[in-house]
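# Observations on the three-dimensional arrangement
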Amino acid sequence: MDRFDAVVVGGGAAGLGAAYRMAENGLNVLLIERGENIGEKSVYGGRIYSWVFEEYVKGFRDAPIERWVRKERMTLLDEKESVSIEYSSDESCSFVANLTKFNRWLAERAEDAGALVISGIKVEDVKLNPAKIVADGDEIECDAVVIAEGVNPMLAMRLGLREDWKPEEVAVGVKEVFKLSEDEINSRFDVESDEGVANLFVGYPIFTHGGGFIYTNKDTVSAGVVVRVDSAMNNMIEVYDVVEKFRTHRDVAAFLKGGSMIEYSAHLVPEAGIKGIPNTLHKGNVMIAGDTAGFVLNRGFTIRGVDFAFYSGILAADSIKEAMDKGDVSSAGQIYEDKVRKSLILRELERFRKALDVLENTRFFDEYTRMMVGIMNGIFDVRKESNRLYDVVMDKTKGRKLRMVLDLLSAFRGL
Amino acid sequence: MESIENRLGLVSFTVDSESHIKPKEEKCDNCRLRVCLYVCPAKLYRLEEGKIYFNHEGCLECGTCRVACPEELEWEYPRGGFGVHYQFG
Ligand SMILES: Cc1cc2nc3c(=O)[nH]c(=O)nc-3n(C[C@H](O)[C@H](O)[C@H](O)COP(=O)(O)OP(=O)(O)OC[C@H]3O[C@@H](n4cnc5c(N)ncnc54)[C@H](O)[C@@H]3O)c2cc1C
Ligand code: SF4
Ligand code: SF4
């Protein structure tokens, strides 16, 4: 058997970034994915920030992009009403894609570059000094291993590289995909064929940490909810039911009407930001990347995981290359650690440390959402006598103005 | 309304004969929270006559039950090639 310079565990964005980059740099790299096919185990909401793919992937413009996001909508929901704000632009920095197809495309690029990609095999164990992986009863020794096994860090935990997530550190996302015609989507969402919409929701039906989402693909629409696991536990939220409540809300149903559901999926997403990053990202020449390391940034109105995952894979690949070039391959793990700590990923997570406190505050998900909807109702609900804006606001904020002003200030600073 | 059974019917699975998740009977018998009953998005945990039953067919491999369970729940991914095959992700 060939000797591999490096083995990558997991064919999500993180593992594919590592394998692609190493192959581009002329390393002999093997990627092992447990799914029968690449991409079939990855699940996300819907949109990818393009910068890292534009910068690093040749031929990126041929990727299976569904639509470029031109409209961002934020919707506050209560049981019967909703308030939305929309931002629209003719430029776009992110695109909607099906993650299964997108990862499959990335795997093809990695293979074109010379990586060996094997799917349908689960890595059972990773060992140190020398680095090796155990799969299918065989051991494969190599110079470095990148563990990119996704959010459930089963191998990383066994190696003592990180602890399991606590319920307050992750959210469960449940997504449903609906088939609709391209024209129908264009007219319903008021977009052209190559233009997409990202719509996030807070409030109903969760009213606590989490929310809903809708993304427009070319001829399908993704919709679903995300609930922090501790909140689901404490409030006895039936997760399979809450996604139905969301889907059947009048203002969500309007977008999905007539569409048939074609997929139901669920996945965890790290929500702990900078606090979810373990103290060390490597042991010897074994490193962790992507969700396994907790590289996800949630600011409430944007979530970034795929671009960070891919980029962390690139950093791992570059570290291994650098160590080999220095003639001291054993230093790869430490080089990776240093690179990541100085990288955009950790800078961004650090910059939004305070966002964690803001998003911890359940008043934003419940009280203030209802308040905003109530104010709008007060203004627009005209039955003979109209309400003055001033009176409506005074009435809806009675007895909680100071706390609200302080909360809003914290949100401005943190998000 | 779409029942959870109908929703799971939209997804293709290669089901292994052995379960990759193994709740322990004595732990479940004494568990007061029983959060698995509602946090599992596939509703695979059921309570019948005071006992917890689990069926791994239909597992979406999210990991929520492992994170939520107050006991140490024996949880692994299915063997290579088995389990859920998402088409859209
Ligand atoms: C509901 C939801 C919405 C989200 N929305 C967005 C969004 O809109 N935009 C965004 O950028 N991010 C979003 N994210 C986050 C994003 O999905 C992740 O951060 C990103 O996909 C992580 O990539 P990864 O490669 O680390 O993990 P994964 O994509 O999970 O890949 C891990 C891979 O490793 C494989 N694997 C695991 N164990 C083994 C083993 N032992 N042997 C072999 N293979 C193994 C798995 O099968 C899998 O293919 C969302 C997440 C969720 C859950
Ligand atoms: S939460 Fe864990 S211990 Fe309790 S009943 Fe469920 S599986 Fe058993
Ligand atoms: S991993 Fe997810 S889908 Fe599978 S049993 Fe646990 S909670 Fe349910």
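Up top is the structure these notes are about.
Here we summarise the structure given alongside this text. For every chain, the first residue of the written sequence is number 1, and numbering continues from 1 onward in sequence order. To label them, take the chains in the order written and letter them from A, then take the ligands in the order written and number them from 1. Note on the predicted model: pLDDT of at least 70 is required for a residue's local features to be given, and 80 or more for side-chain atom pairs to be given and counted; whole-chain, interface and lining totals, by contrast, use all residues. Neither water nor hydrogens contribute to the side-chain values; these are computed over all heavy atoms in the structure.

Another aspect to go through is the overall build of chain A. For the purposes of this entry, the term helix denotes a DSSP run of H or I that reaches at least four residues, the term strand denotes a run of E that reaches at least two, and both are numbered from the N terminus. Along chain A, the regular secondary structure elements total 15 helices and 19 strands. For a compact globule the rule gives 2.2 Å times the number of residues to the power 0.38, and the radius of gyration it is set against comes from C-alpha atoms. The C-alpha atoms of chain A give 23 Å as radius of gyration, which agrees with the globular expectation for 415 residues (22 Å, within 12%). Categorising residues by exposure relies on relative accessible area from a 1.4 Å probe, with only protein chains included: less than 20% of the type maximum marks a residue as buried, more than 50% marks it as exposed, and the intermediate range marks it as partly exposed. Residues counted as buried form 60% of the 415 residues belonging to chain A. In this analysis, two residues are considered to be in contact whenever any of their non-hydrogen atoms come within 4.5 Å of each other. In chain A, once contacts between residues fewer than 6 apart in sequence are set aside, the share between residues at least 24 apart is 72%. For every accessible area listed, the method is Shrake-Rupley and the probe measures 1.4 Å; residues are considered covered only by the protein chains on display. Summed over all atoms, the accessible surface of chain A reaches about 17,100 Å², with 49% contributed by carbon and sulfur. We count Lys and Arg on the positive side and Asp and Glu on the negative side, and we leave His and both chain ends out. To locate a charge, take atom NZ for lysine, CZ for arginine, CG for aspartate or CD for glutamate. For chain A, the distance from the average position of its 54 positive side-chain charges to the average position of its 67 negative side-chain charges is 5 Å.

Next up on the list: the packing of aromatic side chains. All names here are of chain A. Pairing of aromatic rings covers Phe, Tyr and the six-membered ring of Trp, with a centre-to-centre limit of 6.5 Å; geometry is then stacked below 30 degrees between planes, edge-to-face above 60, and tilted otherwise. Counting across every chain of the model gives 16 aromatic pairs over all chains. Seen from their ring centres, Phe201 and Phe246 are 5.1 Å apart, and the 80 degrees between their planes marks the pair as edge-to-face. Of this pair, Phe201 sits in strand β12 (residues 195-203) while Phe246 sits in helix α7 (residues 239-248), and the two are 45 residues apart along the sequence. This pair shows no difference in class: Phe201 is buried, exactly as Phe246 is. Judged by centre distance (6.3 Å) and plane angle (75 degrees), the ring pair of Tyr204 and Phe207 falls under edge-to-face. For Tyr204, a relative accessible area of 17% puts it in the buried group. With a relative accessible area of 15%, Phe207 lands in the buried category. Here the aromatic cluster, defined as three or more aromatic residues joined through ring pairs, consists of Phe53, Phe60, Trp68, Phe95, Phe102, Trp105 and Phe310. Cation placement over rings: the criterion is NZ of Lys or CZ of Arg within 6 Å of the ring centroid and within 35° of the ring normal. In this arrangement the basic side chain of Arg162 is found over the ring face of Trp165, its NZ or CZ atom lying 4.0 Å from the centre. The lysine or arginine in question, Arg304, covers the ring of Tyr49, its NZ or CZ lying 5.8 Å from the ring centre.

A few words now on the environment of Ala148 of chain A. Residue and element names in this part refer to chain A. Among the structural elements, Ala148 can be located in the loop between β10 (138-147) and α4 (154-158). Note on Ala148: relative accessible area 8%, which makes it buried. In the structure, Ala148 is positioned 112 residues away from Ser260 in sequence and 34 Å away in space, judged by C-alpha atoms. Dropping the residues within four chain positions of it, Ala148 is found in contact with Val9, Gly10, Ala14, Gly15, Ala289 and Thr292.

To continue, consider the site of ligand 3. Among the 14 residues in the neighbourhood of ligand 3, the closest are listed as Cys40, Cys59, Cys62, Gly63 and Cys65 of chain B. Under the scheme applied here, ten amino acids are nonpolar (Ala, Val, Leu, Ile, Met, Phe, Trp, Tyr, Cys and Pro), four are charged (Asp, Glu, Lys and Arg), and all others, including Gly, are polar. Class assignment for the residues of the shell around ligand 3 results in 11 nonpolar, 2 polar and 1 charged. Residue proximity to a molecule or strand is established when one non-hydrogen atom of the residue lies within 4 Å of it.

Let us look at empty space enclosed by the protein. Unfilled space is identified by rolling a water-sized probe across the atoms. Residues and elements named next belong to chain B. Of the two site types, the cavity is a set of points on a 1 Å grid over the protein atoms alone where a 1.4 Å probe fits but cannot get out, and the pocket is an open set with protein on both sides within 12 Å along at least five of seven lines, each lined by residues with an atom within 4 Å of a point. Grid points are joined across faces, edges and corners, and a volume is the space filled by probe spheres set on the points. Inspection of the entire model under this criterion finds 4 cavities of 30 Å³ or more. The computed volume of the largest cavity comes to approximately 160 Å³. Lining the largest cavity are 17 residues, and of these Pro23, Cys28, Cys69, Glu71 and Leu73 lie nearest its centre. Here the residues of the lining of the largest cavity are counted per class, giving 10 nonpolar, no polar and 7 charged.

This next bit is on the pattern of salt bridges. Each reported salt bridge corresponds to a side-chain nitrogen of Lys or Arg within 4 Å of a carboxyl oxygen of Asp or Glu. A full pass over the atoms with the stated rule returns 54 salt bridges over all chains. The salt bridge partner of Asp230 of chain A is Arg228 of chain A, with a shortest N-O separation of 3.0 Å. Pair check on accessibility: Asp230 of chain A and Arg228 of chain A agree, each one buried. A salt bridge links Glu5 of chain B to Arg46 of chain B, with the shortest nitrogen-to-oxygen separation between them at 3.4 Å.

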